[in-house]
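This is what each chain is made of:
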Amino acid sequence: MSAPRIYVDGSVNDARSEMWFAEPAGYTPVPLNSLLAEPGSPEAEAMCEAVAPLLDGAPSEWARQRFVAQFALGQQMLGVLCDFGTVHCSVGLHRDDVGGTAQPLFSLFTITWRDTATAPRAATAARAVTGPGGRSRVEYLEQPCGPVTISETVRRPETDSPLPQHPLLQIHAHLPHPDCKRLAVLTVSTVAVARREEYRAVLREIVGTVRFEDPLGAAS
C-alpha cells in the first residue's frame, strides 16, 4: 500500500495562524471567507464568478431562484456558526463500508474558539466537559499540542422543528491554548450515530495533528 498523499494548504504560511492541523481524506473545507465576504470585495466577486456557471446552467428560472434561496440559507447558517466563534468548517463525505451497504455518510467538522478563565491547561480541559450539557464518554488525553478532553453529546430537533427528526451525534475535543486564556473546540457532527466509534477515531486522528506553533517553522 502506498503512503497517503499529504497536501499542504497555503494557509500554513499565514502569519495570522494560531493553530495548525491536518484533516483526513474525505473532508472538503468550506471557504468561509469567500461565502461570507462583504459585497463588492474581491472575495465576493470571486465567489460570484465561481457560482455563475451554476446559475447559467439552471434548467429553468424556478430552479435558478431555488438555488439562490438555498445558497442564501447556507450563508445564513454559516454566519451563525461564525458568530459563535467558528473559524473553520469542512464537509465530510465517506462510504459506509463497515456494514457492507456502501451507503454515503455525511458529517461536519468545525473548529471554534472560546474564551476561558485563566487557568492551567489541564484544569481548563477538565472543566470543559463538566456541568450541564449531557456529555458522555468523556476521555482525557495528552497529545503533542497539550491536554485534550473528548466527549459526546446526542441532540434531537424540537418536535415542532422543520428539521428531520434524526438524532445528531456531536463528538467534541477541547484543546486549551498555551496562553491559558482560551481553548479550541474541534467538533465532528453526524446523524450516523451507529458509526460513533469510527467518527471518534477520525476526531482523535485530527487532534493528533494539532500544533499551536508553526510545525514548518519548528522543523527549519
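Residues numbered from 1 in each chain as written. Predicted model: local features only at pLDDT ≥ 70, side-chain atom pairs only at ≥ 80, totals over all residues. Heavy atoms only, no water.

Peer 1: Explanation requested: the layout of surface pockets in the structure shown.
Peer 2: Where empty space is left in the structure can be found by rolling a water-sized probe over the atoms. Its boundaries defined by the atoms lining it, the second largest pocket holds a volume of some 1300 Å³. Every residue lining the second largest pocket is counted, 36 residues in all, and those nearest its centre are Met-77, Leu-81, Leu-108, Leu-168 and Gln-170. At the level of secondary structure, the elements contributing two or more residues to the lining of the second largest pocket comprise β1 (27-29), α3 (61-83), β2 (86-96), β3 (103-115), β6 (168-176) and β7 (182-190). Across the lining of the second largest pocket, the residue classes tally to 20 nonpolar, 12 polar and 4 charged. (1 Å grid on protein atoms, 1.4 Å probe; cavity = no way out; pocket = protein on both sides within 12 Å on 5 of 7 lines; lining within 4 Å. Points joined across faces, edges and corners; volume = space filled by probe spheres on them. Helix = DSSP H or I, 4+ residues; strand = E, 2+ residues; numbered from the N terminus. Nonpolar A, V, L, I, M, F, W, Y, C, P; charged D, E, K, R; others polar.)

Peer 1: Can you help me understand the pattern of salt bridges in this one?
Peer 2: Note that side chains of opposite charge can pair when their charged atoms are close. For the coordinates displayed, the defined rule picks out 9 salt bridges. Where Glu-152 meets Arg-137, a salt bridge forms, and the shortest distance between an N and an O atom there is 2.9 Å. Residue Glu-152 is found in strand β5 (residues 146-155), and its partner Arg-137 is found in strand β4 (residues 136-143); the two are separated by 15 residues along the sequence. For Arg-137, a relative accessible area of 35% corresponds to the partly exposed category. (Salt bridge = Lys/Arg side-chain N within 4 Å of Asp/Glu carboxyl O. Buried < 20%, exposed > 50% of the residue type's maximum accessible area, 1.4 Å probe, protein only.)

Peer 1: Sorry if this is basic, but what is going on with the sheet that holds β7 here?
Peer 2: Note: strands within a sheet are paired through backbone hydrogen bonds, in either parallel or antiparallel orientation. Spatially, 7 strands are ordered β1-β2-β3-β7-β6-β5-β4 in an open sheet, and the strand pairing comes out antiparallel. Of all the strands in the sheet, the pair left with one neighbour each is β1 and β4. Along the sheet, successive strands turn relative to each other by an average axial angle of 20 degrees, direction set aside. Pairing between β6 and β7: 8 bridges, direction antiparallel. Bridging from a neighbouring strand, His-174 pairs with Val-185 of β7. Contacts between helix α5 (residues 196-207) and the sheet are confined to β1, β3, β4, β5, β6 and β7, with β6 contributing the most and set at about 20 degrees to the helix. (Pairing = 2+ DSSP bridges. Axes fitted to C-alpha atoms, helices over the stretch in contact; angles between N-to-C directions. Contact = heavy atoms within 4.5 Å.)

Peer 1: In this structure, what is going on with the pairing of β3? I would like to understand it.
Peer 2: Side-chain direction in a regular strand flips from residue to residue, so the side chains alternate between the two faces of the sheet. Pairing of β2 with β3, which is carried by 10 bridges, proceeds in the antiparallel orientation. Paired with His-94 across the bridge in β3 is Leu-105. Across 8 bridges, β3 lies against β7 in antiparallel orientation. Bridging across to β7, Trp-113 finds its partner in Ala-184.

Peer 1: Help me understand the nonpolar core in this model?
Peer 2: One broad rule of soluble globular proteins: the nonpolar side chains tend to lie buried together. Core analysis: the biggest nonpolar cluster contains 25 residues, and Met-19, Phe-109, Val-148, Ala-173, Leu-175, Leu-186 and Leu-203 have the highest contact counts within it. Looking at this core, the elements with two or more residues in it are β3, β5, β6, β7 and α5. If one sorts the elements of this core by residue count, α5 sits on top with 5 residues. For Leu-175, the residues in contact, after removing those within four places along its chain, are Cys-145, Pro-147, Val-148, Leu-183, Ala-184, Leu-186, Val-207, Val-210 and Phe-212. (Core = buried A, V, L, I, M, F, W, Y, C linked by side-chain atoms within 4.5 Å.)

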